[in-house]
Amino acid sequence: MKFILNGNAVNFQGETDTPLLWVIREHFRLTGSKFGCGIGACGACTVQVDGKAVRSCCYPLRLVEGCHVVTIEGLGAERRHPVQQAWIDEDVPQCGYCQSGMIMAVSAALAQKPRPTEQQLIRQISNLCRCATYHRIRAAVKRLTQ
Ligand code: FES
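Residues numbered from 1 in each chain as written. Predicted model: local features only at pLDDT ≥ 70, side-chain atom pairs only at ≥ 80, totals over all residues.

This brings us to the confidence of the model for the chain. Mean pLDDT over the chain works out to 96, with 100% of the residues at or above the 70 mark. The ipTM for the predicted assembly is 0.96, set against a pTM of 0.96. (pLDDT = per-residue confidence, 0-100.)

Membership of the largest hydrophobic core comes to 39 residues, with the highest contact counts inside it found for Leu20, Ile103, Met104, Ala105 and Val106. For this core, the elements supplying multiple residues, two or more each, are strand S1 (2-5), helix H1 (20-27), strand S4 (52-55), strand S5 (68-70), helix H2 (72-75), helix H3 (82-89), helix H4 (99-112) and helix H6 (134-144). The biggest single contributor to this core is H4, with 7 residues. For this core, the two domains that each supply at least three residues are domain 1 (2-75) and domain 2 (82-144). Sequence-distant contacts of Val106, defined by excluding residues within four places in its chain, comprise Val83, Leu121, Ile125 and Val141. (Core = buried A, V, L, I, M, F, W, Y, C linked by C-beta atoms within 7 Å. Buried ≥ 20, exposed ≤ 12 C-beta atoms within 10 Å, placed from the backbone. Helix = DSSP H or I, 4+ residues; strand = E, 2+ residues; numbered from the N terminus. Domains from an automatic or database assignment. Contact = placed C-beta atoms within 7 Å.)

Angle between the axes and distance between the axes are the two parameters that describe a pair of packed helices. It is at 9 Å that the axes of H3 and H4 come closest, and there the two elements cross at 130°. With respect to H4, the element H3 is oriented oblique. Here H3 and H4 pass one another in a crossing that is right-handed. Where H3 abuts H4, its residues Val83, Gln84 and Trp87 lie against Gln99, Ile103, Val106, Ser107 and Leu110. Considering only residue class, the contact of H3 with H4 consists of 5 nonpolar, 3 polar and no charged. (Axes fitted to C-alpha atoms, helices over the stretch in contact; angles between N-to-C directions. Parallel < 35°, antiparallel > 145°, perpendicular 65-115°, else oblique. Left-handed = near helix turned anticlockwise from the far one by under 90°. Nonpolar A, V, L, I, M, F, W, Y, C, P; charged D, E, K, R; others polar.)

The next point concerns the pairing of strand S2 (residues 8-11). As defined by bridge partners, S1 adjoins S2 across 4 bridges and the pair is classed as antiparallel. Pairing of Leu5 across the sheet is with Asn8, part of S2. The turn linking S1 back onto S2 is made up of 2 residues, and Asn6 within it adopts a positive phi angle of 50°. (Pairing = 2+ DSSP bridges.)

On to unusual backbone geometry. At Arg29, a position not held by glycine, the phi torsion is positive, near 60°. The topology assignment puts Arg29 in the loop between H1 and strand S3 (46-49). Owing to 8 C-beta atoms within 10 Å, Arg29 belongs among the exposed residues under this scheme. Positive phi is not limited to glycine here, since Ala132 has a value of about 60°. Here Ala132 is to be found in the loop between helix H5 (118-124) and H6.

Printed below as a string of structure tokens:
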């Protein structure tokens, strides 16, 4: 399976129904994407495939053939992404476990619809935070939409 991972061409030979999350974490050792629920409900595993946020715990490897996959490690590799900066400015994370997925979801939404309203952006994010830092997530989203 050939695809681009964080800007690098990679070739991974494995079962095509392997969840992308395991390939990213176990084979490529990019552990910023987290395992939460494993059923596509929480979003802790969110990465971007061709710019779209996907839940990699239930995204089969075969769907990434020829695609650009970006993880949290690749998002701010050259310079900090504005979403990452907003997260820092609002001191969003508590335990931090879900935050890479949250940031990947927000940055994908912003890339697909630049300059959304706060409400439009919030409505696109269905990731869950087990520390319930939603008030700070909302503050960061507000900062991004001003
Ligand atoms: Fe993938 Fe929860 S771990 S959605």
